[in-house]
Amino acid sequence: MPESPCVIGNYSFRTPFFLASGTWGLGDTLLNYLTPEEIKASIGALITKGLSLEPMPGNPPPRLFETPCGLINSIGLENPGLKAFLEKYYPELKVLEVPIIFNLHGKALEEFYEMAEILSEIGEEAIELNISCPNVKEGGIAFSQNPQVVFELVKGVRAVFKGLLIVKLSPIGPVLEVAKKAEEAGADALTVANTYPALGVISYEPLQIIRGGLSGPAIKPLTLRLVFELSQRVKIPLIASGGIMSGKDALDYLICGAKAFQIGTANLIDPRAPIKIKQEFEELSQKYGRLLDKSSS
Ligand SMILES: Cc1cc2nc3c(=O)[nH]c(=O)nc-3n(C[C@H](O)[C@H](O)[C@H](O)COP(=O)(O)O)c2cc1C
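Fair warning: this is a prediction, and the values are worked out from it, not measured in the lab. Positions within a chain are numbered from 1, following the residues in the order the chain's sequence is written. Given that this is a predicted model, residues contribute local features only at a pLDDT of at least 70 and side-chain atom pairs are listed and counted only at 80 or more, while totals for whole chains, interfaces and linings are drawn from all residues. Each side-chain value is derived from all of the structure's non-hydrogen atoms; neither hydrogens nor water enter the calculation.

Enquirer: For this particular structure, what's the right way to read the sheet that holds strand β6 (residues 70-73)?
Expert: Each strand in a sheet pairs with its neighbour through backbone hydrogen bonds, running either in the same direction (parallel) or in the opposite one (antiparallel). Two strands make a pair as long as DSSP finds a minimum of two bridges between them. Working definition: helices are DSSP H or I runs of at least four residues, strands are E runs of at least two. Numbering for both runs from the N terminus. If you trace the four strands from one edge of the open sheet to the other, you get β5-β6-β14-β13, paired in antiparallel fashion. Among the strands making up the open sheet, the edge pair consists of β5 (64-67) and β13 (196-203). Strand-to-strand twist across the sheet, computed as the mean angle between neighbouring axes with direction ignored, equals 40°. Pairing analysis gives three bridges linking β6 to strand β14 (residues 208-215), with the strands arranged antiparallel. Looking across to β14, one finds that N73 is bridged to G213. Working convention: axes come from line fits to C-alpha atoms, limited for helices to the stretch in contact. Angles between N-to-C directions cover 0 to 180 degrees.

If you want it as structure tokens, here you go:
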């Protein structure tokens, strides 16, 4: 069973349930749905919307498309930029006294290093690197497709940032090699994983197609397998992200090797989902805890 509190690297979280990047906005609407007490009691960490050095406008609509058991999003990494986020949105989040993990993406290695330096200078303690974004210097191929580039990225960030460093893997490409390189370069934990590239036909007349990342229940069996495989290959903790909609989903990930759980698409359906998922998880853990202890011994 995960420790209570949940320990990752040198950091201790009150619960193993984190809010996944991009699925709870920039934080300004969180208190419309949850009280500060509920947030503190049920959410171990808030992972920010993906932030870049400069503001990004994102993609034109359509940006979201529902499939029978998943969601395709094509937000295009829209965000106000790290500095504006720190000024406008961060102060309200900080008072909640829940650890904040900064999810970062960049067009080049140097952008990541610069953001990590900014966060280090203001004493921030946790970063999650989104490596699924395009690397302009490599012709727009995602950082995640080249294990050596990931090594360089993590090494460079590690050199300027001493806090908790999480690498969020892409589920496609050389995932195991990338995970090993991230670990070797000094990552404290891995988030497994981001969305899966997908396409949806929205309408025929006019023809409207959306290309984006698939999330939600559809991806859970795929990401569950990744967690299982990675748990045998790397030593650093794994944080599961992929279709966690219920307490059982989280427990499945725990059994397959994850130490903490990110709630993503579930928030978009019901912003109070984290409370329910945590409660279900705790009930199931009580019921099956004895069996889980036996299977791990
Ligand atoms: C609308 C939307 C926006 C997202 N934005 C980001 C982002 O900015 N950075 C990031 O690393 N992941 C982003 N993600 C991926 C989620 O954080 C999560 O890893 C993924 O959706 C899988 O989990 P889920 O099936 O529980 O949603 C986004 C997902 C959705 C649905």
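Enquirer: What is the right way to read the packing of helix α6 (residues 175-184) against helix α7 (residues 220-233) from this model?
Expert: Geometrically, a packed helix pair is captured by the angle between its two axes and the distance between the axes. Running from N to C, α6 and α7 cross one another at 45°; their axes reach a closest spacing of 11 Å. Here α6 lies oblique to α7, going by the angle between them. Pair α6 / α7 crosses with right-handed handedness. Facing α6, whose interface residues are V175, L176, A179, K180 and E183, α7 presents L226, E229, L230 and R233. Following the grouping adopted for this structure description, the nonpolar residues are Ala, Val, Leu, Ile, Met, Phe, Trp, Tyr, Cys and Pro, the charged ones are Asp, Glu, Lys and Arg, and the polar ones are all others, Gly among them. Partitioned by chemical class, the residues of the contact of α6 with α7 number five nonpolar, no polar and four charged. Throughout this description, any angle smaller than 35 degrees is read as roughly parallel, any larger than 145 degrees as roughly antiparallel, any in the 65 to 115 degree range as roughly perpendicular, and the remainder as oblique. Two helices crossing with the near one rotated counterclockwise from the far one by less than a right angle form a left-handed crossing, whereas a clockwise rotation gives a right-handed crossing. In this description, contact between two residues means that some pair of their heavy atoms is separated by no more than 4.5 Å.

Enquirer: Looking at this structure, I do not really get the pattern of salt bridges. What am I missing?
Expert: Any two side chains of opposite charge can pair, on the condition that their charged atoms come close. Here, a salt bridge means any side-chain nitrogen of Lys or Arg that lies within 4 Å of a carboxyl oxygen of Asp or Glu. For the coordinates displayed, the defined rule picks out 13 salt bridges. Taking the shortest distance from any N to any O, the salt bridge between R272 and E38 comes out at 2.8 Å. On the criterion of sequence distance, the pair formed by R272 in the loop between α9 (265-269) and α10 (273-296) and E38 in helix α1 (residues 36-42) is long-range, its members being 234 residues apart. For each residue, the accessible area found with a 1.4 Å probe, counting protein chains only, is set against the maximum for its type, and the residue is called buried under 20%, exposed over 50%, and partly exposed in between. Given the relative accessible area of 32%, R272 is considered partly exposed. Judged by relative accessible area, which is 23%, E38 ranks as partly exposed. Between E124 and K94 there is a salt bridge, and its shortest N-O distance comes to 3.9 Å. Of this pair, E124 sits in the loop between α4 (109-121) and β8 (126-130) while K94 sits in helix α3 (residues 90-94), and the two are 30 residues apart along the sequence. What you see here is one network of salt bridges that share partners, running through K220, K248, D249 and D252.

Enquirer: What am I meant to see in the layout of surface pockets here?
Expert: A water-sized probe, rolled over the atoms, reveals where empty space remains. Of the grid points, spaced at 1 Å and generated over the protein atoms alone, those admitting a 1.4 Å probe that cannot get out make up cavities, while open sets with protein on both sides within 12 Å along at least five of seven lines make up pockets; any residue with an atom within 4 Å of a point is treated as lining. Grid points are joined across faces, edges and corners, and a volume is the space filled by probe spheres set on the points. In this model, the second largest pocket occupies a volume close to 260 Å³. If you go around the second largest pocket, you meet 14 residues; those closest to its centre are V98, P99, I100, E124 and E125. Elements supplying a minimum of two residues to the lining of the second largest pocket: β2 (11-13), α3 and β7 (100-104). Sort the elements by how many residues they give to the lining of the second largest pocket and β2 lands first, with three residues. Class assignment of the residues belonging to the lining of the second largest pocket gives a composition of nine nonpolar, two polar and three charged.

Enquirer: Please clarify how α6 should be interpreted in this entry.
Expert: Residues spaced three or four apart along an α-helix face the same direction, because each turn holds 3.6 residues. Those residues of α6 lying buried are V175, V178, A179, A182 and E183. Around the axis of α6, the buried residues are gathered within 135° of arc, so they sit on the same side. Looking at the buried residues of α6, the elements they touch are α5 (147-160), β11 (164-168), β12 (189-192) and α7. Just beyond α6, the residue with positive phi is G186, at close to 115°. Relevant arc is that of directions from the helix axis to the C-beta atoms, nothing else.

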